[in-house]
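Letter by letter, the chains look like this.
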Amino acid sequence: MTTASLPPQDLAGRTALITGASRGIGLGIAAELLSRGANVTITARKADQLEVAGKQLVEGGSPAVDLGPRVLTVAGNAGSADSRAEAVARTVETFGSLDILVNNTGINPVFGALMDADLDGVRKIFDVNVVAALGFVQEAYKAWMGEHGGNVVNIASVAGIRSSGVISAYGASKAALIRLTEELAWQLGPSIRVNAVAPAVVKTKFAEALYAAGEEEAASGYPMKRLGEPEDVAKLVGFLVSDAASWITGDTIRVDGGSLATG
Ligand SMILES: NC(=O)c1ccc[n+]([C@@H]2O[C@H](COP(=O)([O-])OP(=O)(O)OC[C@H]3O[C@@H](n4cnc5c(N)ncnc54)[C@H](OP(=O)(O)O)[C@@H]3O)[C@@H](O)[C@H]2O)c1
């Protein structure tokens, strides 16, 4: 990459914590924010895979930009209060601030009819997808954002906007996350902006089953006729946390190849 084609360093000097970022959308967001100058902390449960992701971020950077001291990995479960506190504390200790929080961790262990749903599984979905996201915001608020301001982006889903009939408990949790985004925007503005993004199917391990029968078939109902890539979501998150989005808060922006536009 030549210096002329480097991305803008508009996030230089800022620090971002991205949860659930050892692969998929979270890793894509980390790469995007890093390339725009931010320091990044990434979390995930499996420490070995998280380390590999951290190295990938450092090695994948442009030789013109020194990423070495700008990537921190903190292994832990987003559903654990201790892990959330550790990730936030180590981020502030290491980089001196926490300006951007991306609540990306999401799980979906319950499929099918709600009448058959295992309620412990449903509780777990809400705990990781909604309660843990609020827990991370609370920690970030206490440690940095309450005094200095900041930016939060929650990774929701089109399943939180329109019923799929299949991933219903997950969809209900993402609808709750969208509403939580609005409530937080009210309570934390003007110094902290809180937004969400709602992707349709993005090609990651999480969504593999949704396009196992063929990508073309899975994308046939999308006006853009292709499934999403992590970068599609990452670019939108990069915009939302930048000063270019300074009048946007409480919003949920779809990044879905137009899928919800089709009725
Ligand atoms: N892919 C899609 O089609 C799609 C569409 C709409 C919305 N989304 C949302 O986008 C987000 C990211 O999904 P993805 O597709 O990128 O998933 P993914 O490829 O499965 O990656 C999930 C990441 O989260 C980590 N993780 C999972 N559970 C965790 C936990 N309890 N605590 C901490 N880290 C955890 C995983 O690492 P470990 O396993 O090591 O913890 C991994 O790094 C999720 O919120 C998902 O709901 C995805």
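Scroll up for the structure.
> What is the right way to read the environment of Ala117 from this model?
Looking at where Ala117 falls in the secondary structure, it is placed in the loop between strand S4 (100-103) and helix H4 (119-148). In this structure the C-alpha to C-alpha distance between Ala117 and Val92, which are 25 residues apart in sequence, comes to 40 Å. Each residue touching Ala117, except ones within four places of it in the same chain, is listed here: Val110 and Val122.

> Before we go on, may I ask you to explain the packing of H4 against helix H5 (residues 168-188) in this structure?
Pairs of packed helices are described in terms of their axes, by the angle between the two and the distance that separates them. For the pair H4 and H5, interaxial distance at closest approach is 8 Å and the crossing angle is 20 degrees. Classified by the interaxial angle, the pair formed by H4 and H5 is roughly parallel. The handedness of the crossing between H4 and H5 comes out as right-handed. For the pair formed by H4 and H5, the contact residues are Val122, Ile125, Phe126, Asn129, Val130, Ala133, Leu134, Val137 and Tyr141 on the first element and Ala169, Tyr170, Ala172, Ser173, Lys174, Ala176, Leu177, Leu180, Leu184 and Leu188 on the second. When its residues are assigned to classes, the contact of H4 with H5 shows 16 nonpolar, two polar and one charged.

> Please explain the site of the ligand as it appears in this structure.
Neighbouring residues of the ligand: 29 residues in total, closest Ser22, Arg45, Asn104, Tyr170 and Thr204. Backbone polar atom of Gly20 to an oxygen atom of the ligand: 3.4 Å apart, as the coordinates give it. At 2.8 Å from a nitrogen atom of the ligand is found a main-chain nitrogen or oxygen belonging to Ala78. Calculation on the ligand without its partners gives an accessible area of 890 Å², and the protein chains cover 97% of this total. Those elements giving two or more residues to the shell around the ligand turn out to be helix H1 (24-35) and H5.

The rules behind the values
- Residues numbered from 1 in each chain as written.
- Predicted model: local features only at pLDDT ≥ 70, side-chain atom pairs only at ≥ 80, totals over all residues.
- Heavy atoms only, no water.
- Helix = DSSP H or I, 4+ residues; strand = E, 2+ residues; numbered from the N terminus.
- Contact = heavy atoms within 4.5 Å.
- Axes fitted to C-alpha atoms, helices over the stretch in contact; angles between N-to-C directions.
- Parallel < 35°, antiparallel > 145°, perpendicular 65-115°, else oblique.
- Left-handed = near helix turned anticlockwise from the far one by under 90°.
- Nonpolar A, V, L, I, M, F, W, Y, C, P; charged D, E, K, R; others polar.
- Near = heavy atom within 4 Å.
- Polar contact = N/O pair within 3.5 Å; in protein donor to acceptor, adjacent residues only side chain to side chain.
- Areas by Shrake-Rupley, 256 points an atom, 1.4 Å probe, with all protein chains shown as cover.

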